[in-house]
There are 2 protein chains.
Amino acid sequence: MPRALGSLSASGEPEHSQDARRLRPEERSGGPAGQVTQPAGRAWTRSCSQERMAATGAEAKEPQRHNGCLVRLSNPHLATMKEDLLYHFSLGTGTHDFPAMFGDVKFVCVGGSPSRMSAFIKYVAAELGLGRPDEDHPNICTGTDRYAMYKAGPVLSVSHGMGVPSIAIMLHELIKLLYHARCSDVTIIRIGTSGGIGLEPGSVVITRQAVDACFRPEFEQIILGKRVVRSTDLDERLVQELMQCSSELAEFTTVVGNTMCTLDFYEGQGRLDGALCSYTEKDKQAYLHAAHAAGIRNIEMESSVFAAMCSACGLRGSATGPQGAILETACQPTLQDTGAHRPPR
Amino acid sequence: MPRALGSLSASGEPEHSQDARRLRPEERSGGPAGQVTQPAGRAWTRSCSQERMAATGAEAKEPQRHNGCLVRLSNPHLATMKEDLLYHFSLGTGTHDFPAMFGDVKFVCVGGSPSRMSAFIKYVAAELGLGRPDEDHPNICTGTDRYAMYKAGPVLSVSHGMGVPSIAIMLHELIKLLYHARCSDVTIIRIGTSGGIGLEPGSVVITRQAVDACFRPEFEQIILGKRVVRSTDLDERLVQELMQCSSELAEFTTVVGNTMCTLDFYEGQGRLDGALCSYTEKDKQAYLHAAHAAGIRNIEMESSVFAAMCSACGLRGSATGPQGAILETACQPTLQDTGAHRPPR
């Protein structure tokens, strides 16, 4: 059984109940998230369902241990704070019981759009057989319209808006939430849409490495006026596990490749239809061809800081806790596109 | 009369009607936007109301001309496109009549939060005496949850999310919208919240120049793999006009200063309460003191690309069309703050 996804049950505890039903293939292919989260969401749900099934079947005679990999922070100041307010979630340790609310979380799926993440949690709940089929999953962050958050059993679904700064704010507060809730063995996956390079529309890209607009596997930040560069590697084992899930589903093309993360959607991704454009179609094609030659298979706007924060917080590897992965549906091929291309978000 | 704000009427046309009532001072200080948009919004509305009043009074014997300053784009490819889809607004030239919907727009106010921009349009409509006091202003971008857009007479209110990439997408599509609608004499103002440096909470900063996290007055982008640097100057005349409006209101402290735009809210702004932090309180204070010495009076996450896009599209100056300005309320002083500071957004 893949280690990363653990022996997950709907409650977040090792699953021993014999009444947990096996999901039929047709149950995995429908639902509202099939329309809104694209195949990437289905690949992820497959992995979650598969683990749950494994835990309920003959393979799960020995319960797995889930006591070692707590979420950790990389900030000594937090230990001195009486209370931690997660301002952009409108949640705080002084007003909310984080362990009670979130202590069972094992999977966090993040994506740009609030409505998409709402649809996704309904789909996940149905797939995992949690609650009534028509059950509503209310937004946990009702005190703000910056982000939306939904929960079904051990799965948290959170929107992050568009672009590196927006997802970075969310990730800082999400990682602190998981820490305060004393979560363990958490896997974080970004499920998004992107512009494919040399791929058929609807293909899924599992990101091996996030690269910047110059194709470098790094994320650059300015901290107190100084340049800090962080690595953007993702967990290779999780990549392989997700690839295996997709192969078993065999419903859509899935590739492992590098993902280019840009700070701009129009000029930053070589589009010809922004308010500003100073290059030609030929220039654009040359850039996209060079990206493809560098192993890049899709372009989006959040992967680099996602990978960097997982890595910088020690959120990868078997010893330290959660793992991060990026699963993206390539909406439209950009390399073959001779005109303006959209919508890769 | 300040040139930038023109002789604006509620319809966007020169105002001659004698029944347009003068607003009493108490009408300017209440309303829902007083709670959500902070003093910056009131300063702007003051300027709009003032211009309207001027146009209805004795000073407006000669109607002003409004036929010269059309919105222009800096992209030759758009002229060859049959249809332009503003994907993140869910609006398109093939499906929507832009001149009919937006042709009378003279002011665009942008801010991060959708609910705040909804509250702001209600406040503006009441201030300008447009429609019934309880009239609803529906979201124009109902086909998406990426951005929200509201209109009252000549005023458009648009949310932009958080961070440079998010506002950049919005600005590309907004500038194209104004272009397709054949708008003229448009003033664009960001009305937001920010972290003040050496200011009392509630002070308003009118941005003279947006600077980056190294205090440089420039916005750096990677376009087709190459570094492009753009200027972040804002229109000095508009700065002075807004300062004059605020002086006349005399309800809150207003300063003109530089605004630092960062790509990150936690480490990027020297906060001590993110999931990651590798510096001390002393390091943080040294950085903020250096910023203050460089003329910076507040920190936020959108100003640099706002200024750069206005400038790069030729959106400043008397000859070429619209002007841009940034008006921000400093929610909390960061320089005096000895612990983690919030909420500067």
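Residues numbered from 1 in each chain as written. Chains lettered and ligands numbered in written order. Predicted model: local features only at pLDDT ≥ 70, side-chain atom pairs only at ≥ 80, totals over all residues. Heavy atoms only, no water.

A. Layout of the overall build of chain A. Of regular secondary structure, chain A possesses 9 helices and 12 strands. Across the 345 residues that make up chain A, the buried fraction comes to 60%. If you take every contact in chain A between residues at least 6 apart in sequence, the share linking residues at least 24 apart comes to 79%. Here chain A has roughly 12200 Å² of accessible surface; of this, 50% comes from carbon and sulfur atoms. (Helix = DSSP H or I, 4+ residues; strand = E, 2+ residues; numbered from the N terminus. Buried < 20%, exposed > 50% of the residue type's maximum accessible area, 1.4 Å probe, protein only. Contact = heavy atoms within 4.5 Å. Areas by Shrake-Rupley, 256 points an atom, 1.4 Å probe, with all protein chains shown as cover.)

B. Inspection of the packing of aromatic side chains at higher detail. For the structure on display, the rule yields 8 aromatic pairs over all chains. Ring centres of Phe-98 of chain B and Phe-102 of chain B lie 5.9 Å apart, and the angle between their planes is 90 degrees; on these two criteria the pair is classed as edge-to-face. With Phe-98 of chain B and Phe-102 of chain B both in helix H4 (residues 98–102), this residue pair falls 4 residues apart, about one helical turn. The burial state of Phe-98 of chain B is the same as that of Phe-102 of chain B; both residues are buried. Over the ring of Phe-265 of chain A we find Arg-271 of chain A; its NZ or CZ atom is 3.8 Å from the centre of that ring. (Phe/Tyr/Trp six-rings, centres within 6.5 Å; stacked < 30°, edge-to-face > 60°. Lys NZ or Arg CZ within 6 Å of the ring centre and 35° of its normal.)

C. Just the UniProt feature "binding site: substrate" (unreviewed entry) in chain A, in detail. Residue and element names in this part refer to chain A. Within the UniProt annotation, "binding site: substrate" (unreviewed entry) is assigned to Gln-269 and Arg-271. The topology assignment puts Gln-269 in the loop between strand S10 (254–261) and helix H8 (281–293). For Arg-271, a relative accessible area of 0% translates into the label buried. (UniProt positions renumbered as here; feature names shortened; annotations may be inferred.)

D. Region of interest: the interface of chain B and chain A. Taken together, the contact pairs 64 residues of chain B with 64 residues of chain A. Between chain B and chain A, a total of about 5500 Å² is buried, with carbon and sulfur atoms accounting for 61% of that surface. For the pair chain B and chain A, the number of links is 2 salt bridges. Where Glu-267 of chain A meets Arg-230 of chain B, a salt bridge forms, and the shortest distance between an N and an O atom there is 2.8 Å. Linking chain B to chain A there are 22 residue pairs in polar contact (both at pLDDT 80 or more). At the level of secondary structure, the elements contributing two or more residues to the side of chain B that touches chain A comprise helix H5 (114–127), helix H6 (164–180), strand S8 (218–223), helix H8 (281–293) and helix H9 (303–312) of chain B. If you tally residues by element for the side of chain B that touches chain A, the top one is H6 of chain B, at 9 residues. Split into classes, the residues belonging to the side of chain B that touches chain A amount to 33 nonpolar, 16 polar and 15 charged. (Buried area = accessible area lost by both parts, 1.4 Å probe. Salt bridge = Lys/Arg side-chain N within 4 Å of Asp/Glu carboxyl O. Polar contact = N/O pair within 3.5 Å; in protein donor to acceptor, adjacent residues only side chain to side chain. Nonpolar A, V, L, I, M, F, W, Y, C, P; charged D, E, K, R; others polar.)

E. Representation of the pattern of salt bridges within the structure. Residue and element names in this part refer to chain B. Evaluation of the coordinates by the stated rule reveals 20 salt bridges over all chains. Residue Glu-300 is joined to Arg-190 by a salt bridge in which the shortest nitrogen-to-oxygen separation is 3.1 Å. Of this pair, Glu-300 sits in strand S11 (residues 296–300) while Arg-190 sits in strand S6 (residues 187–196); the two residues are 110 residues apart in sequence, bridging distant segments of the chain. Under the relative-accessibility criterion, Glu-300 is labelled buried at 0%. Since its relative accessible area comes to 1%, Arg-190 is described here as buried.

F. Focus on the environment of Ala-290 of chain B. Residues and elements named next belong to chain B. Mapped onto the elements, Ala-290 comes out in helix H8. On the accessibility criterion, Ala-290 (35% relative accessible area) is partly exposed. Once the C-alpha coordinates of Ala-290 and His-172 are considered, the two residues, 118 residues apart in sequence, prove to be 33 Å apart.

G. The arrangement of the relation of the copies chain B and chain A in detail. Structural alignment of chain B on chain A gives an RMSD of 0.0 Å, achieved by rotating through 180 degrees and translating 0.0 Å along the axis. Such a combination of turn and shift is consistent with a two-fold rotation axis. Mapped onto chain A, 100% of the interface residues of chain B again fall at the interface, so both copies present the same surface. (Least-squares fit on C-alpha atoms with pLDDT ≥ 70 in both.)

H. Structural detail: the environment of Phe-102 of chain B. A relative accessible area of 0% places Phe-102 of chain B in the buried class. Through-space distance from the C-alpha of Phe-102 of chain B to that of Leu-178 of chain B is 7.2 Å; in sequence the pair is 76 residues apart.

I. Looking closely at the side chain of Glu-173 of chain B. One can find Glu-173 of chain B in helix H6. One buried charge, Glu-173 of chain B, has no salt-bridge partner; the nearest side chain with opposite charge is Lys-176 of chain B, at 6.1 Å. A polar atom in the side chain of Glu-173 of chain B sits 2.4 Å from the side chain of Tyr-266 of chain A. When near neighbours in sequence (up to four residues on either side) are disregarded, Glu-173 of chain B contacts Tyr-266 of chain A together with Leu-86, Tyr-87, His-88 and Phe-89 of chain B. (Lys, Arg positive; Asp, Glu negative; His and termini not counted.)

J. Summary view of the UniProt feature "binding site: phosphate" (unreviewed entry) in chain A. Residues and elements named next belong to chain A. When the UniProt feature table is mapped to this numbering, "binding site: phosphate" (unreviewed entry) covers Arg-146, Arg-190, Ile-191, Gly-192 and Thr-193. Its location among the elements puts Gly-192 in strand S6 (residues 187–196). The exposure class of Gly-192 is buried, given its relative accessible area of 2%. Turning to its location among the elements, Thr-193 is positioned in strand S6.

K. Summary view of the packing of helix H6 (residues 164–180) of chain A against helix H9 (residues 303–312) of chain A. Residues and elements named next belong to chain A. Running from N to C, H6 and H9 point in directions that differ by 25 degrees, and their axes come no closer than 9 Å. On the basis of their axis angle, the class for H6 and H9 is roughly parallel. For the element pair H6 and H9, the recorded crossing hand is right-handed. Contacts between H6 and H9 involve Val-164, Ile-167, Ala-168, Leu-171, His-172 and Ile-175 from the former and Ser-304, Val-305, Phe-306 and Met-309 from the latter. In the contact of H6 with H9, the residues fall into 8 nonpolar, 2 polar and no charged. (Axes fitted to C-alpha atoms, helices over the stretch in contact; angles between N-to-C directions. Parallel < 35°, antiparallel > 145°, perpendicular 65-115°, else oblique. Left-handed = near helix turned anticlockwise from the far one by under 90°.)

L. Up close: the domain arrangement of chain A. Residues and elements named next belong to chain A. Under the domain assignment used here, chain A contains domain 1 (68–185) and domain 2 (190–337). For domain 1 versus domain 2, the separation of C-alpha centres amounts to 23 Å. Every contact between the two is made by 21 residues of domain 1 and, on the other side, 21 residues of domain 2. Together, the buried faces of domain 1 and domain 2 total about 1600 Å²; carbon and sulfur atoms form 72% of this surface. Summed over the shared surface of domain 1 and domain 2, the result is 0 salt bridges. Taken together, domain 1 and domain 2 are joined by 4 residue pairs in polar contact (both at pLDDT 80 or more). At the level of secondary structure, the elements contributing two or more residues to the side of domain 1 that touches domain 2 comprise strand S3 (107–111), helix H5 (114–127) and H6. If one sorts the elements of the side of domain 1 that touches domain 2 by residue count, H6 sits on top with 6 residues. Split by residue class, the side of domain 1 that touches domain 2 holds 12 nonpolar, 7 polar and 2 charged. (Domains from an automatic or database assignment.)

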